[in-house]
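Read off the chains here:
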Amino acid sequence: MQIECQNGGRFISRGRGIHPTRRLDSWELIVVVKGVLGIFEDDRAFELGPDHYLILHPGRRHGGVLPYGRDLSFFWLHFTVSEGKSELPPQSGLLARPERVADYFNLLLANQESPEPDRVEAELLLR
């Protein structure tokens, strides 16, 4: 299985709005840093607190079920999976070492913002 990073970011709420409803062609990983994110995928709803992750599948409809709280912050990453059957972790769960995941996200985001992003570095960080 090969994972290719498309783009990512960190969302920091101002206490307004709700996650838009949409259908994407890529996978999306969300990792909540602070607050609570209420989101659905197809007919399943999730309430994710700090240190929880969610993997959204391509082609499925997803969107918000709760307004953004003033303290909400999360990382997000769009990626593709190729070469055979995907061996991804469970769709949602609690991270065992959230500080490491935050470090990886910060490295990925720094690489993405670089004038000359390194695709190899990004792919190695996703493994």
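First things first, this report covers the structure right here in the doc. (Residues numbered from 1 in each chain as written. Predicted model: local features only at pLDDT ≥ 70, side-chain atom pairs only at ≥ 80, totals over all residues. Heavy atoms only, no water.)

1. Brief notes about the packing of aromatic side chains
This model, assessed by the stated rule, comprises four aromatic pairs. The interplanar angle of 10° and the centroid separation of 4.7 Å between the aromatic rings of phenylalanine 75 and phenylalanine 105 together place this pair among those described as stacked. Of this pair, phenylalanine 75 sits in strand 8 (residues 73–82) while phenylalanine 105 sits in helix 1 (residues 98–113); the two residues are 30 residues apart in sequence, bridging distant segments of the chain. For the pair phenylalanine 75 and phenylalanine 105, one class covers both residues: buried. (Phe/Tyr/Trp six-rings, centres within 6.5 Å; stacked < 30°, edge-to-face > 60°. Helix = DSSP H or I, 4+ residues; strand = E, 2+ residues; numbered from the N terminus. Buried < 20%, exposed > 50% of the residue type's maximum accessible area, 1.4 Å probe, protein only.)

2. Describing the sheet that holds strand 8
Taken together, the five strands give an open sheet; going across it, the order is 1-8-3-6-9, and neighbouring strands pair in antiparallel fashion. Whereas interior strands pair on both sides, the edge strands pair on one side only; in this sheet they are strand 1 (2–12) and strand 9 (92–94). When the angles between neighbouring strand axes are averaged without regard to direction, this sheet yields 20°. Strand direction decides the pairing type here: strand 6 (residues 52–56) and strand 9, joined by three bridges, are antiparallel. Each residue of the ladder has a partner; that of leucine 54, found in strand 9, is serine 92. (Pairing = 2+ DSSP bridges. Axes fitted to C-alpha atoms, helices over the stretch in contact; angles between N-to-C directions.)

3. Section: the nonpolar core
Core analysis: the biggest nonpolar cluster contains 15 residues, and Leu29, Val31, Tyr53, Ile55, Leu77, Phe79 and Phe105 have the highest contact counts within it. Within the residue set of this core, elements represented by two or more residues are strand 1, strand 3 (27–34), strand 6, strand 8 and helix 1. Per-element accounting of this core gives the leading share, four residues, to helix 1. If sequence neighbours within four positions are ignored, phenylalanine 79 has contacts with Ile3, Glu4, Cys5, Gln6, Ser26, Trp27, Glu28, Leu29, Ile55 and Leu88. (Core = buried A, V, L, I, M, F, W, Y, C linked by side-chain atoms within 4.5 Å. Contact = heavy atoms within 4.5 Å.)

4. Some details on the environment of glutamine 112
Looking at where glutamine 112 falls in the secondary structure, it is placed in helix 1. It is 9.7 Å that separates the C-alpha atoms of glutamine 112 and cysteine 5, two residues lying 107 residues apart in sequence.

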